[in-house]
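Notes for the structure review
This is what each chain is made of:
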Amino acid sequence: MSRPDLLQTGPMMGMIEAQLKEHFTVHRLDAPDAEAVLAEVGPRIRAVATGVGSTGGGARRVTDALMARLPALEIVANFGVGYDAVEAEAAGRRGVVVTNTPGVLDDEVADLTIGLLLATLRRIPQAERHLRAGKWPSGGFPLTATLRDRTIGIVGMGRIGRAIARRLEGFGRPIAYHSRRPVADVPYAHYPDLLALARDVDALIVIVPGGPETDRMINAEVLAALGPTGVFVNVARGSVVDEPALIRALEDGTIAAAGLDVFADEPNVPAALIALDNAVLLPHVASATHVTRDAMGQLVVDNLLAWFDGRPPLTPVPETPMKGRG
């Protein structure tokens with residue numbers, strides 16, 4: 001029996017690539033002759049495996065225009081919870097299922113978020129640099145802000161948002177959140193108005209999907225509402241923040257500090273942001289552990305194998321309701 005033709009949009013983890021080669025006839029869109037590849041095999045492609053930045057490198061977006069060149073396409077398996085690099089609504093209109101990798105990275109991202117919040121408040125990287133530069137004998141590191149007197153706001157209360165909130169409960173701090181609708185069985189104060197949440201909290205953590213609905217939702221007005229003692233943490237997508245407005249807010253003291261794991265144009269971080277001493281910056285590593293990335297990679301493969309075995313994919317995204325299986 002011939003193996004299904006699959007298009008891989010860019011480099012992926014070795015364990016993913018090995019299993020794809022075992023079960024599929026793999027064609028690479030990151031080949032120098034990508035257009036020739038599409039012209040030759042596009043009509044036969046039944047699956048796409050993608051994950052922009054999944055190994056630190058680039059990958060081609062799965063757009064409606066690309067899918068139009070793949071008339072036999074049935075499924076797009078995305079590496080990562082966020083799938084804004086896949087035009088999922090367009091896929092749904094074409095009857096193409098899109099899957100992502102939720103659940104397996106919730107705890108890892110939540111753990112990193114708490115670490116990033118504490119590092120930003122207590123200026124942990126700056127204190128280490130103070131020591132390494134030999135400055136301690138000449139004077140102790142300056143006193144810092146604390147988590148003790150803060151109300152924490154979370155923008156987004158999905159699986160990862162709830163995991164972050166559960167961890168924050170251990171610190172005994174008040175928690176509030178913003179989402180379009182209240183989330184059932186969540187005891188925290190719900191704010192339908194993002195500006196009102198920003199005014200009422202002292203630290204604002206963002207964990208929402210990327211895409212048009214959340215594009216630059218954290219803007220100059222929200223940052224001004226957070227205020228001069230406020231701390232901002234982003235573990236969502238760089239697109240959810242107006243990055244130039246954030247840089248200005250950090251430069252002029254509109255907010256006190258920011259901890260960022262994601263950026264608007266990864267891996268290109270603005271020099272102005274790198275130069276700021278009141279920003280803690282990480283290279284998109286919230287889920288970057290061996291265990292979690294292996295689990296994410298396996299879920300990419302398992303979604304594809306389920307589909308071609310005639311079973312429902314494990315984690316289809318909402319925009320592409322799965323039909324005709326199981």
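Worth saying up front: this structure is predicted, and the values here are computed from it rather than measured.

Assigned secondary structure in the protein chain consists of 12 helices and 12 strands. In summary, the protein chain has a C-alpha radius of gyration of 22 Å against a globular reference of 20 Å for 326 residues, a match within 12%. Expressed along its principal axes, the backbone C-alpha trace of the protein chain runs to roughly 70 × 45 × 30 Å. For the protein chain, buried positions account for 47% of its 326 residues. Within the protein chain, residue pairs in contact and separated by at least 24 positions form 62% of the contacts whose partners lie at least 6 positions apart. For the protein chain, the computed accessible surface area is about 15100 Å², with 54% contributed by carbon and sulfur atoms.

By size, the foremost hydrophobic cluster in this structure holds 47 residues, and its most contacted members are Ile 16, Leu 117, Ile 154, Ile 164, Leu 168, Ile 205 and Leu 304. Considering every element that reaches this core, the biggest residue donor is helix H5 (residues 106-122), with seven residues. With residues near it in sequence (within four places) discarded, Ile 154 still touches Gly 161, Ile 164, Ala 165, Leu 168, Ile 175, Ala 176, Tyr 177, His 178, Leu 197, Ile 205 and Ile 207. In this structure, Leu 194, Ala 225, Ile 247 and Ala 279 belong to the second largest nonpolar core, which totals 32 residues.

Attention now goes to the sheet that holds strand E5 (residues 97-99). In space, the five strands of this open sheet follow the order E2-E1-E3-E4-E5, with parallel pairing throughout. Sheet topology places strand E2 (25-28) and E5 at the edges, where each strand pairs with a single neighbour. Shown here is a sheet whose adjacent strand axes are inclined to one another by a mean of 20°, direction ignored. The pairing of strand E3 (residues 45-50) with strand E4 (residues 75-78) spans four bridges and is classified as parallel. Within E4, the residue paired with Ala 47 across the bridge is Ile 75. Most of the contacts of helix H2 (residues 34-41) go to E2, to which it runs at about 140°, and overall it touches strand E1 (5-8), E2 and E3.

The geometry of helix H1 (residues 14-23) relative to helix H12 (residues 290-308) is characterised by a closest axis approach of 9 Å and an angle of 20° between their N-to-C directions. Between H1 and H12, the crossing angle belongs to the class labelled roughly parallel. Crossing geometry of H1 relative to H12 is assigned as right-handed. On H12, the residues that touch Met 15, Ile 16, Gln 19, Leu 20 and His 23 of H1 are Asp 294, Gly 297, Gln 298, Val 300, Val 301, Leu 304 and Leu 305.

Okay, empty space enclosed by the protein next. According to the stated counting rule, one finds one cavity of 30 Å³ or more in the structure shown. Within this model, the largest cavity holds a volume of roughly 50 Å³. The class makeup of the residues in the lining of the largest cavity is six nonpolar, two polar and one charged.

Our next topic: the packing of H5 against helix H6 (residues 124-132). Close contact between H5 and H6 brings their axes to 6 Å; oriented N to C, the two are set at 55°. Taken as axis vectors, H5 and H6 run oblique relative to one another. When H5 is examined against H6, the residues Leu 118, Ala 119 and Arg 122 are found in contact with a partner set consisting of Ile 124, Pro 125 and Gln 126. Looking at side-chain class alone, the contact of H5 with H6 contains four nonpolar, one polar and one charged residues.

Along the chain, Arg 162 turns up in helix H7 (residues 159-169). Between the alpha carbons of Arg 162 and Pro 43 there is a distance of 43 Å; along the sequence they are 119 residues apart. When residues no more than four places from it in sequence are discounted, the contact partners of Arg 162 are Met 157, Val 183 and Val 186.

We now examine the confidence of the model for the protein chain. Taken over all residues, the pLDDT of the protein chain has a mean of 94, while the share at 70 or more is 96%. For the stretch residues 53-58, pLDDT sits under 50, and the model shows 10 contacts to residues farther than four places along the chain or on other chains.

Let's shift gears to the sheet that holds strand E10 (residues 231-234). Read from one edge to the other, the open sheet built from seven strands follows the order E8-E7-E6-E9-E10-E11-E12, with strand pairing classed as parallel. Bordering the open sheet on either side are strand E8 (189-191) and strand E12 (279-281), each of which pairs with just one other strand. Adjacent strand axes in the sheet meet at a mean angle of 15°, parallel and antiparallel pairs treated alike. Pairing of strand E7 (residues 175-178) with E8 involves three bridges; the strand directions are parallel. Paired with His 178 across the strands is Tyr 191, a residue of E8. Its contacts with the sheet place H5 against strand E9 (203-206), E10, strand E11 (257-260) and E12, and it is angled at close to 150° to E10.

What counts, and where the lines are drawn
Residues numbered from 1 in each chain as written. Predicted model: local features only at pLDDT ≥ 70, side-chain atom pairs only at ≥ 80, totals over all residues. Heavy atoms only, no water. Helix = DSSP H or I, 4+ residues; strand = E, 2+ residues; numbered from the N terminus. Rg over C-alpha atoms; globule rule 2.2 N^0.38 Å. Buried < 20%, exposed > 50% of the residue type's maximum accessible area, 1.4 Å probe, protein only. Contact = heavy atoms within 4.5 Å. Areas by Shrake-Rupley, 256 points an atom, 1.4 Å probe, with all protein chains shown as cover. Core = buried A, V, L, I, M, F, W, Y, C linked by side-chain atoms within 4.5 Å. Pairing = 2+ DSSP bridges. Axes fitted to C-alpha atoms, helices over the stretch in contact; angles between N-to-C directions. Parallel < 35°, antiparallel > 145°, perpendicular 65-115°, else oblique. Left-handed = near helix turned anticlockwise from the far one by under 90°. 1 Å grid on protein atoms, 1.4 Å probe; cavity = no way out; pocket = protein on both sides within 12 Å on 5 of 7 lines; lining within 4 Å. Points joined across faces, edges and corners; volume = space filled by probe spheres on them. Nonpolar A, V, L, I, M, F, W, Y, C, P; charged D, E, K, R; others polar. pLDDT = per-residue confidence, 0-100.

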